[in-house]
Amino acid sequence: MSDMHWFVLISTVAAAVAIAIGIIFPAIAMGKAITQALESLARQPEAEKSITRTLFIGLAMIESLAIYVLVIVLIILFRNPLLEYLLK
Amino acid sequence: MEAASVVFTLGWLRITTTVVTTWGLMLVFGIGCWLATRQLSADNPGLVQTALEGAVQSIEAAIDGVLPGRAELLLPFIGTLWLFVAVANLTGLVPELHSPTADLSTTAALAFLVFLSVHWFGIRSSGVKDYLRHYLTPSPILLPFHVLGEFSRTLALAMRLFGNIMSLEMAALLVLLVAGLLVPVPVLMLHIVEALVQAYIFGMLALIYIAGGMQSHEASENPEATQTDDKKGSTP
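Being a predicted model, the structure only gives us computed values, none of them experimental.

What am I meant to see in the overall build of chain A here?
Along chain A, the regular secondary structure elements total 3 helices and 0 strands. When its helices and strands are written in sequence order, chain A yields α-α-α. On C-alpha atoms alone, chain A measures out to a radius of gyration of 20 Å, which is more than a quarter above the 12 Å that the 2.2 N^0.38 rule sets for 88 residues. Counting only C-alpha atoms, chain A reaches 65 × 20 × 10 Å along its principal axes.

Would you mind showing me how to read the overall build of chain B here?
When you go through chain B residue by residue, the secondary structure sums to 8 helices and 2 strands. For chain B, the N- to C-terminal ordering of α and β elements is β-β-α-α-α-α-α-α-α-α. Taken across its 236 residues, chain B has 38% of its residues classed as buried. In chain B, once contacts between residues fewer than 6 apart in sequence are set aside, the share between residues at least 24 apart is 67%. For chain B, the exposed area adds up to about 13500 Å²; of that, 71% sits on carbon and sulfur atoms.

Hey, could you run me through the interface of chain B and chain A in this one?
Interface extent is often summarised as the accessible area lost during association of the parts. Taken residue by residue, the interface counts 24 residues in chain B and 15 residues in chain A. For the pair chain B and chain A, the summed buried area comes to about 1600 Å², and 76% of that belongs to carbon and sulfur atoms. Seen at the junction of chain B and chain A, the total is 0 salt bridges. On the surface where chain B and chain A come into contact, there are 2 residue pairs in polar contact (both at pLDDT 80 or more). Sorting the residues of the side of chain B that touches chain A by element identifies α2 (47-66), α5 (143-178) and α6 (184-214) of chain B as the ones contributing at least two each.

Whenever I open this one, helix α3 (residues 71-91) of chain B confuses me. Can you help?
In an α-helix, one turn spans 3.6 residues, which is why side chains three or four residues apart end up on the same side. With 21 residues, α3(B) extends 28 Å from end C-alpha to end C-alpha; this agrees with the ideal 30 Å at 1.5 Å per step. Taking the largest bend as the criterion, α3(B) deviates by roughly 30°, centred on B:F77.

I keep staring at empty space enclosed by the protein and nothing clicks. Help me out?
Once rolled over the atoms, a probe with the size of a water molecule shows which space is left empty. Residues and elements named next belong to chain B. Applying the stated criterion across every chain, the model contains 1 cavity of 30 Å³ or more. The calculated volume of the largest cavity comes to roughly 30 Å³. A111, V114, F115, V118, E150, R153, T154, L157 and Y209 together form the lining of the largest cavity. For the lining of the largest cavity, the elements supplying multiple residues, two or more each, are α4 (104-133) and α5. Looking at the lining of the largest cavity, its residues break down into 6 nonpolar, 1 polar and 2 charged.

How should the pattern of salt bridges be read in this particular structure?
All names here are of chain B. In total, this model carries 2 salt bridges over all chains according to the counting rule given. A salt bridge links R133 to D130; its shortest N-O distance comes to 3.1 Å. You can see R133 and its partner D130 sitting in helix α4, 3 residues apart, about one turn around the helix. On the basis of relative accessibility, which here comes to 43%, the residue R133 falls in the partly exposed class. Taking the shortest distance from any N to any O, the salt bridge between E150 and R153 comes out at 3.5 Å. Linking E150 with R153, this pair stays in helix α5, spanning 3 residues, or about one helical turn. Side by side, E150 and R153 carry an identical accessibility label, which is buried.

Where do I start with the nonpolar core in this structure?
As a rule of thumb, soluble globular proteins bury nonpolar side chains together. B:I63, B:L74, B:I78, B:V114, B:F202 and B:I210 are the most contacted members of the largest nonpolar core, which totals 50 residues. Looking at this core element by element, the count peaks at 12 residues for α6(B).

What's the story with the confidence of the model for chain A in this structure? I'm lost.
Keep in mind that low pLDDT regions are not for reading the predicted coordinates in detail. In this model, chain A carries a mean pLDDT of 90, and residues with pLDDT of at least 70 account for 100%. Looking over chain A, one finds the lowest element-wise mean pLDDT in helix α3 (residues 83-87) of chain A, namely 82, and the highest in helix α1 (residues 3-43) of chain A, namely 94.

Looking at this structure, I do not really get the pairing of strand β1 (residues 6-10) of chain B. What am I missing?
If a strand is regular, its side chains alternate between the two faces of the sheet. As paired strands, β1(B) and strand β2 (residues 13-16) of chain B are joined by 4 bridges and run antiparallel to one another. From the neighbouring strand, B:V6 faces β2(B), where its bridge partner is B:T16.

Explanation requested: the packing of helix α2 (residues 48-78) of chain A against α5(B) in the structure shown.
Two quantities define a packed helix pair, namely the angle between the axes and the distance from one axis to the other. Put simply, α2(A) and α5(B) touch, their axes get as near as 9 Å, and they point 60° apart. Considering the relative orientation of α2(A) and α5(B), their crossing is left-handed. Listed contacts from α5(B) to A:A60, A:M61, A:E63, A:S64, A:I67, A:Y68, A:L70, A:V71, A:L74 and A:F78 of α2(A) are B:A156, B:M159, B:R160, B:F162, B:G163, B:N164, B:M166, B:S167 and B:M170. A class-by-class count of the residues in the contact of α2(A) with α5(B) yields 13 nonpolar, 4 polar and 2 charged.

How each quantity is defined
- Residues numbered from 1 in each chain as written.
- Chains lettered and ligands numbered in written order.
- Predicted model: local features only at pLDDT ≥ 70, side-chain atom pairs only at ≥ 80, totals over all residues.
- Heavy atoms only, no water.
- Helix = DSSP H or I, 4+ residues; strand = E, 2+ residues; numbered from the N terminus.
- Rg over C-alpha atoms; globule rule 2.2 N^0.38 Å.
- Buried < 20%, exposed > 50% of the residue type's maximum accessible area, 1.4 Å probe, protein only.
- Contact = heavy atoms within 4.5 Å.
- Areas by Shrake-Rupley, 256 points an atom, 1.4 Å probe, with all protein chains shown as cover.
- Buried area = accessible area lost by both parts, 1.4 Å probe.
- Salt bridge = Lys/Arg side-chain N within 4 Å of Asp/Glu carboxyl O.
- Polar contact = N/O pair within 3.5 Å; in protein donor to acceptor, adjacent residues only side chain to side chain.
- Expected span 1.5 Å × (residues − 1).
- Bend = angle between axes of the 7 residues up to and from the residue.
- 1 Å grid on protein atoms, 1.4 Å probe; cavity = no way out; pocket = protein on both sides within 12 Å on 5 of 7 lines; lining within 4 Å.
- Points joined across faces, edges and corners; volume = space filled by probe spheres on them.
- Nonpolar A, V, L, I, M, F, W, Y, C, P; charged D, E, K, R; others polar.
- Core = buried A, V, L, I, M, F, W, Y, C linked by side-chain atoms within 4.5 Å.
- pLDDT = per-residue confidence, 0-100.
- Pairing = 2+ DSSP bridges.
- Axes fitted to C-alpha atoms, helices over the stretch in contact; angles between N-to-C directions.
- Left-handed = near helix turned anticlockwise from the far one by under 90°.

Written out as structure tokens, the structure is:
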């Protein structure tokens, strides 16, 4: 197979593996955060407002990790800067 | 990740669809506010006035929950962020239009505004000296981390909004490629929810960063509050 074939194959596999692994851990972290928030919500329903607010912020922070993975994967797939070495 | 298409060029400056859509939104906001506030009355408020008052009051209550007593100072900035980001995110649902926030340039500009306003409101509320001192607390060794955190959280703010909105639009497009006409509708419904949630999160994070900057002087006065402030100002 030519270099180009390898490049396409490896970037596709790398993108799929990266997004798969990169989603697992933020998902676990989000699950933990939501579990804790629900528990404390059941214990103290009157603190709903601040719990919800903090939960949203925390989820946004965790989510940005998954977004970083997505951005990296999109760069690999659509705008790989290393491609120009191959095309030279 | 296709770049926004160029509408026309102004000398060496290329005006993209993102900029034109943003101008359109500004026009809509400007004209809408002008029309809505033409006939305000305290005695018999109309339908529009009541709706707007409800929106402003809920924004005010949200700010008051984070920074009690400072809602009046922050309402213009945070309220504008919230409304603009929400409407800009929802623009992607209109056919032929793209969300301005699906462009990294727009979100970077918004995040830069937040970055500047953190220092502006912080210095305004506690003075330059006290504000700069909070970078040296609890110990001067942590100064590089404070500075690094300022930049990384600004970057994260821009990347989060951009990544979410762009991936939403892209997801709808990809679903349309592999499936039929009506299949992307649930994805578009998800778009509505996600657009509003992301707008809320963007404004809320901006509010919390500003609150962290404003409370820095109160923290140095009573050390007990330092811990909670550090948590609020922590970086993603």
